[in-house]
Amino acid sequence: MVLLNRRLNTRMLLNKNSQIIEKKIKDIQFVLSDVDGVLTNGSLYVGSDGTEYKQFHVEDHSGIALLKFAGINVGLLSARFSESTSIRAKEMNVSTCIQGVLNKSKELSGICSGNNVSKKNIAYIGDGLVDIPVMEKVGLSIAVNNADDLVKSTSDLVTLKSGGEGVLKEVAKFILSEQNKYESAFNKMRERVYES
């Protein structure tokens, strides 16, 4: 089933009752995302000197900006440590960037207290089996389209885009549209970024 947001004509694949999902979306105050396989396509490029390269989608930065202009903060939670992720988080002004943690669910309490939110106020985006324990504890769980089948069946929503294709922007637009905050956030971004 597809959940359609008529205001922006945005869609996501729906795994559960639409009324329950719409209520969960209204409670979201923080978006937490995995990195590899969500902000990237999951590929790692490693040179002969050990240098690691990742490809991030540039539009995810505008998704983060939209969320922040709407008063919704963003964090990254990755099982792997990567300097590339640290650099990208800094570029996007993401201060909550936790890496190198396989048991991601253990980090939730600290993320909640550090951002003054409860677990039910968090939307989490993931793709791998390591993401399921977090998805089961947060308010809204979102899988990318090319996620593991078990991850998709666990999630509340499934994006139309695959990891590395601008998933975070897709999620931002969808959540903000459902919360009736998209237009206001976009206008703030236009005033402060594009017209300043």
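Above this text is the structure in question.
Residues numbered from 1 in each chain as written. Predicted model: local features only at pLDDT ≥ 70, side-chain atom pairs only at ≥ 80, totals over all residues. Heavy atoms only, no water.

> How would you sum up the overall build of the protein? Please name residues and give values.
For the protein, the count of helices and strands is eight helices and ten strands. Oriented by its inertia axes, the alpha-carbon framework of the protein measures out at about 50 × 45 × 30 Å. Within the protein, residue pairs in contact and separated by at least 24 positions form 58% of the contacts whose partners lie at least 6 positions apart. As presented, the protein carries roughly 9,300 Å² of accessible surface, and 48% of it is formed by carbon and sulfur atoms. Charge centroids of the protein, computed over 25 positive and 23 negative side chains, lie 6 Å from each other. (Helix = DSSP H or I, 4+ residues; strand = E, 2+ residues; numbered from the N terminus. Contact = heavy atoms within 4.5 Å. Areas by Shrake-Rupley, 256 points an atom, 1.4 Å probe, with all protein chains shown as cover. Lys, Arg positive; Asp, Glu negative; His and termini not counted. Charge placed at Lys NZ, Arg CZ, Asp CG, Glu CD.)

> Tell me about the pattern of salt bridges, and name the residues and values.
One pass over the full model with this rule turns up nine salt bridges. Taken together, the salt bridges that share partners define one network made up of Asp36, Glu52, Lys54 and Arg80. (Salt bridge = Lys/Arg side-chain N within 4 Å of Asp/Glu carboxyl O.)

> I'd like a description of the pairing of strand β8 (residues 122-126), backed by residues and values.
Across the five residues that make up β8, a large majority, five, are buried. Here β8 shows no split at all, with Ile122, Tyr124 and Gly126 on one side and Ala123 and Ile125 on the other all buried. Pairing of strand β3 (residues 30-33) with β8, which is carried by four bridges, proceeds in the parallel orientation. Within β8, the position partnered with Val31 by the bridge is Ala123. (Buried < 20%, exposed > 50% of the residue type's maximum accessible area, 1.4 Å probe, protein only. Pairing = 2+ DSSP bridges.)

> Outline the packing of helix α1 (residues 18-26) against helix α7 (residues 167-178), listing residues and values.
Running from amino to carboxyl end, α1 crosses α7 at an angle of 95°, the nearest separation of the two axes being 9 Å. When the axis of α1 is compared with that of α7, the two are roughly perpendicular. Touching Glu22, Ile25 and Lys26 of α1 are Phe174, Ile175 and Glu178, all from α7. Looking at the contact of α1 with α7 residue by residue, the classes come out as three nonpolar, no polar and three charged. (Axes fitted to C-alpha atoms, helices over the stretch in contact; angles between N-to-C directions. Parallel < 35°, antiparallel > 145°, perpendicular 65-115°, else oblique. Nonpolar A, V, L, I, M, F, W, Y, C, P; charged D, E, K, R; others polar.)

> Can you tell me about the packing of helix α2 (residues 59-69) against α7, naming the residues and giving the values?
Across the interface, α2 lies against α7 with an axial gap of 7 Å and an inter-helix angle of 30°. By the angle between their axes, α2 is roughly parallel relative to α7. The crossing of α2 and α7 is left-handed. Where α2 approaches α7, its residues Glu59, Asp60, Ser62, Gly63, Ile64, Leu66 and Leu67 are matched on the opposing element by Val167, Leu168, Lys169, Ala172, Lys173 and Leu176. Split into classes, the residues belonging to the contact of α2 with α7 amount to seven nonpolar, two polar and four charged. (Left-handed = near helix turned anticlockwise from the far one by under 90°.)

> Would you mind going over the pairing of β3 in detail, with residue names and values included?
What you see with β3 is no split at all: Phe30 and Leu32 on one side and Val31 and Ser33 on the other are buried throughout. Both β3 and strand β6 (residues 73-77) contribute to a ladder of four bridges, which runs parallel. What sits directly across from Ser33, in β6, is Leu76.

> With reference to specific residues and values, describe the side chain of Gln99.
Relative to the helices and strands, Gln99 resides in the loop between β7 (96-98) and α4 (108-115). We classify Gln99 as buried; its relative accessible area is 14%. Reaching out from Gln99, the side chain makes a polar contact with the backbone nitrogen of Ser82 at a distance of 2.8 Å. Side-chain polar atoms of Gln99 contact the side chain of Ser86, separated by 2.9 Å. (Polar contact = N/O pair within 3.5 Å; in protein donor to acceptor, adjacent residues only side chain to side chain.)

> Just give me the short version of α2, but keep the residues and values in it.
Where burial is concerned, most of α2 is hidden: eight out of the eleven residues are buried. Those residues of α2 that fall on the buried side of the exposure criterion are Asp60, Ser62, Gly63, Ile64, Ala65, Leu66, Leu67 and Phe69. Residues of α2 that are buried make contact with β3, β6, α7 and α8 (182-194). Gly71 sits one or two residues past α2 and shows a positive phi near 85°.

> Could you give me a rundown of unusual backbone geometry, with the residues and numbers involved?
The phi torsion at Asn93 lies on the positive side, around 60°, for a residue other than glycine. By the secondary structure assignment, Asn93 is in the loop between α3 (83-91) and β7.

> Can you lay out the packing of aromatic side chains for me, pointing to particular residues and giving the numbers?
This structure, assessed with the given rule, holds one aromatic pair. Ring geometry for Tyr182 versus Phe186: centroids 6.3 Å apart, planes at 15°, classification stacked. With Tyr182 and Phe186 both in helix α8 and four residues apart, this pair spans about one turn of that helix. (Phe/Tyr/Trp six-rings, centres within 6.5 Å; stacked < 30°, edge-to-face > 60°.)

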